[in-house]
Amino acid sequence: MKNTSKFLSKLLIVFALLVLFVTFYFLFFFAPSFEAVTLRSIFKIITQFALVISIPASVLFVLVDSLMEKIETKWILYLVRVVVFLGLMYVVSLFFSLYLISSSLLENPFKE
């Protein structure tokens, strides 16, 4: 039971960070080209883009992280976690860009 709660807590923390990262990424790069960013458009960005990208990335990160817990040295463990996280974020950002381009062509989240 302890391992399950630890797994779920890691999953939720990584998921929340990824949702924030993807939302800020989208707002940083695409909001200046539109006249107004409303709370409704932010919720639409979260549901349309951030959740789609964050779910598989957070599950993959937590699975890889649980495999890496067998590393004994603490600083190597932290270094490997950072490298894996950045690598996953790079891969996710590539998929996110493809998803973003195809989804933006179909529906603009800033258009009411």
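Before any of the text, the structure's been laid out above.
Here the structure is a predicted model, which means the values were calculated and not measured.

Criteria and thresholds
Residues numbered from 1 in each chain as written. Predicted model: local features only at pLDDT ≥ 70, side-chain atom pairs only at ≥ 80, totals over all residues. Heavy atoms only, no water. Helix = DSSP H or I, 4+ residues; strand = E, 2+ residues; numbered from the N terminus. Buried < 20%, exposed > 50% of the residue type's maximum accessible area, 1.4 Å probe, protein only. Areas by Shrake-Rupley, 256 points an atom, 1.4 Å probe, with all protein chains shown as cover. Lys, Arg positive; Asp, Glu negative; His and termini not counted. Charge placed at Lys NZ, Arg CZ, Asp CG, Glu CD. Core = buried A, V, L, I, M, F, W, Y, C linked by side-chain atoms within 4.5 Å. Patch = residues over 30% accessible without salt bridge, like charges linked within 9 Å, V, L, I, M, F, W, Y side chains within 5 Å. Salt bridge = Lys/Arg side-chain N within 4 Å of Asp/Glu carboxyl O. Expected span 1.5 Å × (residues − 1). Axes fitted to C-alpha atoms, helices over the stretch in contact; angles between N-to-C directions. Parallel < 35°, antiparallel > 145°, perpendicular 65-115°, else oblique. Left-handed = near helix turned anticlockwise from the far one by under 90°. Nonpolar A, V, L, I, M, F, W, Y, C, P; charged D, E, K, R; others polar. Contact = heavy atoms within 4.5 Å. Polar contact = N/O pair within 3.5 Å; in protein donor to acceptor, adjacent residues only side chain to side chain.

K.L.:
Which residues make up the overall build of the protein chain, and what are the values?
P.N.:
Secondary structure assignment for the protein chain yields 3 helices and 0 strands. Counting helices and strands in the order they occur from the N terminus, the protein chain gives α-α-α. Counting only C-alpha atoms, the protein chain reaches 50 × 25 × 20 Å along its principal axes. A total of 112 residues make up the protein chain; the buried ones form 29% of that total. Accessible surface, the protein chain: about 7,700 Å² in total, of which carbon and sulfur atoms supply 76%. Computing the positive centroid from 9 side-chain charges and the negative centroid from 6, the protein chain places the two 7 Å apart.

K.L.:
If you had to explain the nonpolar core to someone new, which residues and values would you point to?
P.N.:
Counting 20 residues, the largest nonpolar core has F26, F49 and F96 as its most contacted members. Secondary structure elements with two or more residues in this core: helix 1 (2-30), helix 2 (39-68) and helix 3 (74-106).

K.L.:
I'd love a proper account of a nonpolar patch on the surface, names of residues and values included.
P.N.:
A cluster of nonpolar side chains, F7, L8, I55, V59 and L63, forms an exposed patch at the surface whose accessible area comes to about 390 Å². Elements with a contribution of two residues or more to the nonpolar patch: helix 1 and helix 2. It is helix 2 that contributes the most residues to the nonpolar patch, 3 residues altogether. Following the sequence through the fold, I55 ends up in helix 2. Its relative accessible area of 46% is what places I55 among the partly exposed residues.

K.L.:
Account for helix 1, naming residues and giving values.
P.N.:
Residues lying three or four places apart along an α-helix face the same way, a consequence of the helix completing one turn every 3.6 residues. In a regular helix each residue adds 1.5 Å, so 29 residues correspond to 42 Å; helix 1 covers 42 Å between its end C-alpha atoms and thus fits that length. For helix 1, the complete set of buried residues consists of L11, V14, L18, V19, V22, T23, F26 and L27.

K.L.:
Explain the packing of helix 1 against helix 2 residue by residue, including any values.
P.N.:
Where helix 1 meets helix 2, the closest approach of the two axes is 7 Å, and the angle between their N-to-C directions is 140°. Classified by the angle between their axes, helix 1 and helix 2 sit oblique to one another. Where helix 1 crosses over helix 2, the two elements pack in a sense that is right-handed. Here the residues of the contact of helix 1 with helix 2 sort into 22 nonpolar, 3 polar and 2 charged.

K.L.:
Account for the environment of L51, naming residues and giving values.
P.N.:
Take L51: it is sitting in helix 2. Looking at L51, the relative accessible area reads 30%, which means it is partly exposed. Sequence separation between L51 and V22 is 29 residues; the distance between their C-alpha atoms is 8.8 Å. In this structure L51 touches F15, V19 and I46, once residues within four positions along its chain are discounted.

K.L.:
An account of the side chain of T23 is requested, with residue identities and associated values reported.
P.N.:
Checked against the element boundaries, T23 lands in helix 1. Within the structure, the side chain of T23 is placed 2.7 Å from the backbone oxygen of V19, a separation counted as a polar contact. Every residue in contact with T23, bar those within four places of it in the chain, is listed here: I42, I45, I46 and A50.

These results come straight from atomic positions and should not be treated as a statement about function.
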